Amino acid sequence: MASRFTSASAAELLLVAIAGLLLSAIPAAAVAPTGPCTGRSGGCHDPDAALRLKVIAIFAILVASMIGVCLPLVTRSLPMLHPDGKIFTVVKAFSSGVILATGYMHVLPDSFDDLTSPCLPETPWHKFPFTTFVAMLSAVFTLMVDSFATSVHGKVAPADRAADLVVVVGDAESGEVVAARADKDGKDRKLLRHRVVAQVLELGIVVHSVIIGLSLGASENPCTIRPLVAALCFHQLFEGMGLGGCILQAEYKLKTKAVMVFFFSFTTPFGVALGIGLSNVYSGNSPTALIVQGLLNACSAGLLNYMALVDLLAADFLGPKLQSNMKLQFQAYVAVLLEAADETAGVCERKAGECHDTLAALRLKIIAIFAILVASMVGVCLPLVTRSAPVLSPDGNVFAIVKAFSSGVILATGFMHVLPDSFNNLTSQCLPEAPWRNFPFTTFVAMLSAVFTLMVDSFATTLHGKVAATNMACEMAVVGDAEAGAVTAAGTDKDRKDQKLLRHRIVAQVLELGIVVHSVVIGLSLGASDNPCTIRPLVAALCFHQLFEGMGLGGCILQADYKLKAKAIMAFFFSVTTPLGVALGIGLSNVYSDTSPTALIVQGLLNACSAGLLNYMALVDLLAADFLGPKLQGNLKLQFEAYMAVFLGCGGMSFMAKKKEDKK
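What counts, and at which threshold
- Residues numbered from 1 in each chain as written.
- Predicted model: local features only at pLDDT ≥ 70, side-chain atom pairs only at ≥ 80, totals over all residues.
- Heavy atoms only, no water.
- Helix = DSSP H or I, 4+ residues; strand = E, 2+ residues; numbered from the N terminus.
- Buried < 20%, exposed > 50% of the residue type's maximum accessible area, 1.4 Å probe, protein only.
- Contact = heavy atoms within 4.5 Å.
- Areas by Shrake-Rupley, 256 points an atom, 1.4 Å probe, with all protein chains shown as cover.
- Core = buried A, V, L, I, M, F, W, Y, C linked by side-chain atoms within 4.5 Å.
- Phe/Tyr/Trp six-rings, centres within 6.5 Å; stacked < 30°, edge-to-face > 60°.
- Salt bridge = Lys/Arg side-chain N within 4 Å of Asp/Glu carboxyl O.
- Patch = residues over 30% accessible without salt bridge, like charges linked within 9 Å, V, L, I, M, F, W, Y side chains within 5 Å.
- Axes fitted to C-alpha atoms, helices over the stretch in contact; angles between N-to-C directions.
- Parallel < 35°, antiparallel > 145°, perpendicular 65-115°, else oblique.
- Left-handed = near helix turned anticlockwise from the far one by under 90°.
- Nonpolar A, V, L, I, M, F, W, Y, C, P; charged D, E, K, R; others polar.
- Expected span 1.5 Å × (residues − 1).
- pLDDT = per-residue confidence, 0-100.

## What about the overall build of the chain?
- Across its full length, the chain carries 20 helices and zero strands.
- A total of 664 residues make up the chain; the buried ones form 53% of that total.
- Long-range pairs, those at least 24 residues apart, make up 88% of the contacts in the chain between residues at least 6 apart in sequence.
- Taken as a whole, the chain presents about 28900 Å² of accessible surface, with 68% of it coming from carbon and sulfur.

What follows is the structure, given as structure tokens:
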């Protein structure tokens, strides 16, 4: 069946996935921002007209949902739409882009709007980034479900294999049983992954569907309802196709398929009907409604982003089926990433506050340069200089726990620091209303950044696969038939090790890129500030941040097995970028204003790029790669300890985010 996939498969699928993701972003720009706490009706309030539209919406969304989710299920008998066929995989890739965009472009911005609404009290809702905190925890809990389910299956499969081998006497028969069981176990594991993906994905979709349906049903504004119905029909159609494809691959029985189809199809119409019934007592701008909607949306966003990045896009595009033609992949990516740049002008005065002291701030900034430099060097070098200690060997349990802690720090950096900073920059009152507050640029850029990181990941893997295949062919050409088997076995083992090493090197390089971008931006902001009350806690937070983030990067550099020169260069760039940013900010403090429109746009876009990159790397290449890998899958106790380390790392960075917000 693999021969049915042409060399263009990976490129075409990536293009289709991004097309779905970009098309899904369009409705985000069409939905008008909400009104004040007194209501969302604005100047277009008509309960009778709104009721007629909502009744139409119930049936229109129901039909679109059923068509979307059932289409992959009822067309599986057609050879061209078989789950192993090219067209099915193309449609699934498009739908994966829709699901990714749902999390980034709809659910996450909605949660930000709800939990930072002026209808909520300043404390605690405006003092802490609850949206990204809950989304981060949701993503980690989804990973836990993913890895624990895989672990349970992994413990059952070896017992089955042992039972089969007990009844076999001859060595030849034993080998045949082992081969057969290995093949069956591989298929069972793949089936289990498809079932976990289908169930968890439906959970995230259903949560958001009820919320958006409830909001639509409670609205009495026809001007808002009309475009929202069209957007939801489009959304449910293609999101249903993605879910339907996952249900099909999970190979459920008819009853289970029917139940999953029913829940997906009816949740949004049910939410609309519930909103109609509660429209006299339910207010979408009441504090209780905003908090509940915001927290549930944040949970759904974290779940959908994890599933789309780890279990849909990365699993497909980094899998063996789609690693084929790098040239066409590159052409597809270039076509997608071509965009026009927007220019914005305006003036906004710097807010000096009540703690403005240029000389005191300068002293603190000079101290910060050396303190952050030392913390960065200690963090990134610690894993490198302690590799000779057996307890800290990359293959040891202690190293796995420390790396899990550092991965949690990196994940929290993207979710708790970089992404909220980008939201604050690109929705600042210093920027004009159009276009910056009429479209979620932060999540849009972060989403594209995550896909761009996937591009780098898949290109490098494709290139390595071509080089490895060429080397293997050359070796086979110079040996006889008797030696061919031995060369193949040795080459396969070497290729596996080389591919693992390559993955570690890609992770180290791309991760450093994301960290360096954010480090320069945060250093520049600190260096340009003249507020000692802001600088003092920020220096302590950055030292902590650089120390443990450096440990995570240092662990990746160690596993990449670079030579001394390459290690020194990577450690150098990580260590000096934040101090360099601080020094640059000091030099530009007389002409640079971090509240100027240009600075806000540049900082916001760079932070969004860094957030998407860090979130992808943390979820796909650090946490998922480790927790779904053989080392942690074979040891439930170690897996539990590693999860505790992840939560500790996330919690530490979240605490620093709280302190940073308190000082604003």
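## Some details on unusual backbone geometry
- For the bond running from T123 to P124, omega is 5 degrees, close enough to zero to count as cis.
- Looking at where P124 falls in the secondary structure, it is placed in helix α4 (residues 122-125).
- Phi angles above zero are rare outside glycine, and E251 is one such case at about 55 degrees.
- Assignment of secondary structure puts E251 in the loop between α7 (222-250) and α8 (254-277).
- The exposure class of E251 is exposed, given its relative accessible area of 51%.
- The phi dihedral of D561 falls on the positive side, at around 55 degrees, and the residue is not glycine.
- For D561, the location among the structural elements is in the loop between α16 (532-560) and α17 (564-587).

## A look at the nonpolar core
- In terms of nonpolar packing, the biggest core is built from 119 residues, with L201, L411, L511 and F627 touching the most fellow members.
- Per-element accounting of this core gives the leading share, 14 residues, to helix α18 (residues 597-627).
- When neighbours within four sequence positions are excluded, L201 is seen to be in contact with I99, L243, C246, L303, L304, M307 and L312.

## Some remarks on the packing of aromatic side chains
- Summed over the entire model, instances satisfying the criterion amount to 14 aromatic pairs.
- Ring geometry for F128 versus F133: centroids 5.4 Å apart, planes at 70 degrees, classification edge-to-face.
- Look at F133 and you get partly exposed, because its relative accessible area is 24%.
- On the numbers, 5.0 Å between centres and 70 degrees between planes, the contact of F439 with F441 is edge-to-face.

## Points about the pattern of salt bridges
- One pass over the full model with this rule turns up two salt bridges.
- Ionic pairing is found between K403 and D626, a salt bridge with its closest N-O pair at 3.3 Å. Here the residue K403 occupies a position in helix α12 (residues 397-426), and D626 occupies one in helix α18, the gap between them amounting to 223 residues.

## Remarks on a nonpolar patch on the surface
- A contiguous nonpolar patch, built from M66, V259, F262, F263 and F266 and spanning about 450 Å² of accessible area, is present on the exposed surface.
- By residue number, the principal contributor to the nonpolar patch is α8, which donates four residues.

## Looking at the packing of helix α9 (residues 287-317) against α18
- α18 packs onto α9 with a crossing angle of 60 degrees between their chain directions and a minimal axis gap of 9 Å. On the basis of the axis angle, α9 is oblique to α18. In the crossing of α9 with α18, the sense of the turn from one axis to the other is right-handed. Where α9 approaches α18, its residues Y306, L309, V310 and A314 are matched on the opposing element by Y616, L619, V620 and A624.
- Partitioned by chemical class, the residues of the contact of α9 with α18 number eight nonpolar, no polar and no charged.

## Quick notes on α8
- With 24 residues, α8 ought to run about 34 Å at 1.5 Å a step, and its terminal C-alpha atoms sit 33 Å apart, in line with that.
- Residues K257, M260, V261, F264, S265, T267, T268, P269, G271, V272 and G275 constitute the buried set of α8.

## Focus: the side chain of K54
- On the secondary structure map, K54 appears in helix α2 (residues 47-74).
- On the basis of relative accessibility, which here comes to 3%, the residue K54 falls in the buried class.

## Observations concerning the packing of α2 against α8
- Where α2 meets α8, the axes come as close as 8 Å, and the angle between the chain directions of the two elements is 170 degrees. As judged from the angle between their axes, α2 and α8 are roughly antiparallel. Across the interface between the two elements, L51, K54, I58, I61, L62, S65, M66, V69, C70 and L73 of α2 pack against V261, F264, S265, F266, T268, P269, V272, A273 and I276 of α8.
- The class makeup of the residues in the contact of α2 with α8 is 15 nonpolar, three polar and one charged.

## Regarding the confidence of the model for the chain
- Scored by pLDDT, the chain comes out at a mean of 75, with 71% of its residues at no less than 70.
- Ignoring residues within four places in sequence, the model shows residues 1-15, a span with pLDDT below 50, making 39 contacts including any to other chains.
- Segment residues 350-354 is flagged for pLDDT under 50; beyond a separation of four residues in sequence, or across chains, it makes seven contacts in the model.

## Concerning the environment of V210
- Turning to its location among the elements, V210 is positioned in helix α6 (residues 171-218).
- Taking the C-alpha atoms as reference, V210 lies 5.2 Å from T268; in sequence the two are 58 residues apart.
- Setting aside anything within four residues of it in sequence, one finds V210 in contact with T267 and G271.

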